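Chain by chain, the residues run as shown.
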Amino acid sequence: MAASWRPPSLRAAVVAQADARFDEIAALVTAKMNEYHVPGVAVGIVNNGETTIRGFGVTNVDDPQPITPETLFTIASISKTVTATAVMKLIEQGRVDLKTPIQKYLPDFRVQDETASREVSFWHLLTHTPGWEGQLSADDRGTQTLAAFAESMKDLPQLAPPGEIWSYNNAGFTLTGRIIEVVTGRPIQEAMRTLVFEPVGLTRAFTRLEEVATYPFSVAHRTQSGAAVVTRPMTRSSSLTAGGVSISLSDLLAYARFHMGDGTARGGQRVLTRQSLQQMQTPRLRKKGTDEDMGLGWHLRHVGGVTTAAHGGTLGHCLLLELVPERNLALAILTNHSDGWRLIQDVERAALTTLEGLSLDPAQAIGHRGVNETMPDAPILAKQPAPAPYVGVYRRPPTTNVNTVREQNGELMLDNSTIAFYAPDRAVVTSGAQRGNPVEFIRRADGTVGWIRVVGRIARKDN
């Protein structure tokens with residue numbers, strides 16, 4: 001059963017047109033919820049200043065309450081855009097600089113490589129290019145969590161030089177949180193509240209579970225024996241700046257409107273300059289091996305000649321926030337299931353077509369945006385390249401993660417799945433549970449293959 005909410009100021013003719021298009025999207029959401037066993041979804045659209053929000057399903061299959069515009073969702077890695085917004089606020093205040101090495105703010109900061117230790121800046125952290133392994137978790141140590149994590153990085157090896165290769169990097173955003181704490185002199189929870197939540201006017205945006213638990217909130221689910229079951233224990237991120245924000249859909253859309261606006265909040269007070277918001281949505285580098293760019297916190301994609309700025313999240317819940325500034329459009333899809341990315345992928349693409357006539361080219365190489373995404377219709381090359389340059393072992397130190405590429409029966413294998421190329425150095429998985437996942441091979445300056453990137457994360461090839 002769906003619950004709808006819309007501001008009272010909408011004009012009747014606009015409402016009728018919007019309702020027809022939104023009802024088409026809503027019907028698809030309902031169908032995909034049944035297909036993927038997703039118990040709860042919230043969808044919101046801001047289009048030319050008009051907002052439509054609808055909740056579908058329930059917050060918890062064991063204690064079913066309806067999803068509403070005020071239901072809290074853990075938004076996981078969408079939190080990274082909040083972190084980037086906080087950094088832009090500190091830049092405007094003159095307290096940090098985008099290109100200044102972070103050792104200015106953390107004099108004791110070290111990684112294994114001394115050059116990287118000296119050179120890494122906010123620019124690298126906010127664009128996922130510090131060059132080290134990104135899937136590193138911060139042990140929960142209360143108020144010392146981020147400080148302990150920064151200290152633990154001293155033995156972290158480089159996978160690539162800073163700024164050279166884009167690779168999705170939670171660790172960089174966790175480190176950003178520690179710098180924010182040091183610069184502001186406040187615990188990260190307070191810093192996020194005073195730098196972003198309060199100035200933007202977000203009243204249902206939290207980083208503490210103790211606050212989340214006092215409001216209606218949606219729990220995560222997974223599929224077991226063909227049915228959705230609650231994921232226990234509750235999954236949460238100890239790195240608030242990488243993935244620890246919880247927010248209602250109503251406030252998330254207010255946040256989206258802010259990022260498509262002139263830097264003022266709902267009450268008219270100045271939070272950031274328009275220039276700072278535009279800088280976040282300006283390409284900083286190309287994600288090598290894809291057709292996408294990276295902004296500051298936002299992942300930039302070009303669909304039908306139009307730029308979109310988006311970020312997804314995966315932490316038990318799967319979620320997406322997408323801005324299309326040229327069309328005055330924002331789209332949010334929040335799900336409470338680990339397979340919710342499948343619904344998001346289908347609904348996002350259908351919504352862009354329904355609302356704006358935009359569609360991805362099947363041959364368009366996509367980059368990871370914090371929520372899984374596949375290329376189901378990539379046009380496989382009739383003549384595949386010679387396998388020898390790609391064969392090898394690829395590692396992600398200090399983790400034990402290894403990707404092995406080998407030739408078997410005339411096909412190229414990535415671990416236990418076949419892959420095939422649809423463009424030079426660009427492939428997709430063609431078998432198994434990971435079918436459709438993008439795979440990019442990235443070359444060194446001398447032209448040899450030096451890295452593989454699987455679902456947005458690089459591994460370095462053994463020499």
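Our subject is the structure listed above.
Below: a short report on this structure. Predicted model, so just to flag it, every value in this text is computed and none were measured.

## Overview of the overall build of the protein
Check the secondary structure of the protein and you find 12 helices and 22 strands. A compact globule built from 463 residues should have a C-alpha radius of gyration of about 23 Å, and the protein, at 22 Å, falls within 12% of that. Taking the principal axes of its C-alpha atoms as reference, the protein extends roughly 65 × 55 × 45 Å. By the burial criterion, 56% of the 463 residues in the protein qualify as buried. As displayed, the protein offers around 18,300 Å² of accessible surface, 49% of which is attributable to carbon and sulfur atoms. Between the centroid of the 47 positive side chains of the protein and the centroid of its 46 negative side chains there is a distance of 2 Å.

## Looking at the sheet that holds strand S5 (residues 205–206)
Strands sit in the order S4-S8-S5 across an open sheet of 3 strands; the sheet is antiparallel. Edge positions in the sheet fall to strand S4 (72–74) and S5, since each of these pairs with one other strand and no more. Bridging between S4 and strand S8 (residues 246–248) involves 3 bridges; their strand directions are antiparallel. Of the residues in S8, the one forming a bridge with Leu72 is Ser248. In this fold helix H10 (residues 249–259) packs onto S5 and S8, with an angle of close to 90° to the strand it touches most, S8.

## Quick look at the side chain of Arg426
When you line up the elements, Arg426 lands in strand S19 (residues 426–429). Residue class for Arg426 comes out buried when judged on its relative accessible area of 19%. There is a polar contact of 3.3 Å between the side chain of Arg426 and the backbone oxygen of Thr290. Filtering out sequence-adjacent residues up to four positions away, Arg426 remains in contact with Gly289, Thr290, Asp291, Ala365, Ala420, Phe421 and Val439.

## Section: the nonpolar core
In this structure, Trp132, Leu175 and Leu252 are the most contacted members of the largest nonpolar core, which totals 79 residues. Ranked by size, the runner-up nonpolar core spans 29 residues in total, among them Tyr36, Ile45, Trp341 and Ala351.

## Re the pairing of S19
Neither face of S19 is open: one carries Arg426 and Val428, the other Ala427 and Val429, and all of them are buried. Pairing geometry for strand S18 (residues 417–423) and S19, over 4 bridges, is antiparallel. Directly across from Ala420, in S19, lies its bridge partner Val428. Here 3 bridges tie S19 to strand S20 (residues 438–443), and the two strands are oriented antiparallel to one another. When the sheet's bridge partners are listed, Val428 is paired in S20 with Pro438.

## Brief notes about the pattern of salt bridges
Applying the stated criterion to the full structure yields 25 salt bridges. A salt bridge links Glu35 to Lys32; the shortest N-O distance between them is 3.0 Å. Placement of the pair is Glu35 and Lys32 together in helix H1 (residues 12–36), with a separation of 3 residues, close to one helical turn. Exposure remark for Lys32: the relative accessible area of 16% places this residue in the buried category. Between Glu151 and Lys154 there is a salt bridge; the shortest N-O distance is 3.6 Å.

## Observations concerning unusual backbone geometry
Arg232 connects to Pro233 through a cis peptide bond whose omega is -5°. By the secondary structure assignment, Pro233 is in the loop between strand S7 (227–230) and helix H9 (240–243). In this structure, the amide linkage connecting Pro397 to the following residue, Pro398, adopts the cis form with an omega of 10°. Relative to the assigned elements, Pro398 resides in the loop between strand S15 (392–395) and strand S16 (402–408). Even without being a glycine, His37 presents a positive backbone phi close to 60°. Positionally, His37 belongs in the loop between H1 and strand S2 (40–47).

## Quick word on the packing of helix H6 (residues 170–184) against helix H7 (residues 188–200)
Two elements in contact, H6 and H7, have axes whose closest approach is 9 Å; the angle formed by their N-to-C orientations is 80°. With respect to each other, H6 and H7 are oriented roughly perpendicular. The segment H6 lies against H7, with Gly177, Ile180, Glu181 and Thr184 engaging Ile188, Ala191 and Leu195. Its residues assigned to classes, the contact of H6 with H7 shows 4 nonpolar, 2 polar and 1 charged.

## Describing the packing of aromatic side chains
Here the structure, examined in full by the defined rule, presents 7 aromatic pairs. Ring geometry for Tyr390 and Phe421: centres 4.7 Å apart, planes at 40°, overall tilted. Placement of the pair is Tyr390 in the loop between helix H12 (340–356) and S15 and Phe421 in strand S18, with a sequence separation of 31 residues. Take Tyr390: its relative accessible area is 4%, and that puts it in the buried class. Since its relative accessible area comes to 2%, Phe421 is described here as buried. Ring pairing ties together the aromatic residues Tyr390, Tyr394, Phe421 and Phe441, which thus form one cluster. The positively charged end of Lys80 is found above the aromatic ring belonging to Phe173, 5.8 Å away from the centroid. The residue whose ring lies beneath Lys287 is Trp166, and the NZ or CZ to ring-centre distance is 4.3 Å.

## Looking at the pairing of S16
Here S15 pairs with S16 via 4 bridges, running antiparallel. From the neighbouring strand, Arg395 faces S16, where its bridge partner is Val402. Remark: 6 residues form the turn of the hairpin made by S15 and S16, two consecutive strands paired antiparallel. Looking at chain direction, S16 and strand S17 (residues 411–414) are connected through 4 bridges and run antiparallel. Bridge assignment links Val405 to a residue of S17, and that residue is Leu414. Hairpin geometry of S16 and S17 is characterised by an intervening segment of 2 residues between the two adjacent antiparallel strands and by a positive phi of about 55° at Asn409.

## Focus on H10
Here H10 lies mainly inside the structure; 10 of its 11 residues are buried. Inspection of H10 places Leu249, Ser250, Asp251, Leu252, Leu253, Ala254, Tyr255, Ala256, Phe258 and His259 among the buried residues, and these make up the whole buried set.

What counts and what doesn't
- Residues numbered from 1 in each chain as written.
- Predicted model: local features only at pLDDT ≥ 70, side-chain atom pairs only at ≥ 80, totals over all residues.
- Heavy atoms only, no water.
- Helix = DSSP H or I, 4+ residues; strand = E, 2+ residues; numbered from the N terminus.
- Rg over C-alpha atoms; globule rule 2.2 N^0.38 Å.
- Buried < 20%, exposed > 50% of the residue type's maximum accessible area, 1.4 Å probe, protein only.
- Areas by Shrake-Rupley, 256 points an atom, 1.4 Å probe, with all protein chains shown as cover.
- Lys, Arg positive; Asp, Glu negative; His and termini not counted.
- Charge placed at Lys NZ, Arg CZ, Asp CG, Glu CD.
- Pairing = 2+ DSSP bridges.
- Contact = heavy atoms within 4.5 Å.
- Axes fitted to C-alpha atoms, helices over the stretch in contact; angles between N-to-C directions.
- Polar contact = N/O pair within 3.5 Å; in protein donor to acceptor, adjacent residues only side chain to side chain.
- Core = buried A, V, L, I, M, F, W, Y, C linked by side-chain atoms within 4.5 Å.
- Salt bridge = Lys/Arg side-chain N within 4 Å of Asp/Glu carboxyl O.
- Parallel < 35°, antiparallel > 145°, perpendicular 65-115°, else oblique.
- Nonpolar A, V, L, I, M, F, W, Y, C, P; charged D, E, K, R; others polar.
- Phe/Tyr/Trp six-rings, centres within 6.5 Å; stacked < 30°, edge-to-face > 60°.
- Lys NZ or Arg CZ within 6 Å of the ring centre and 35° of its normal.

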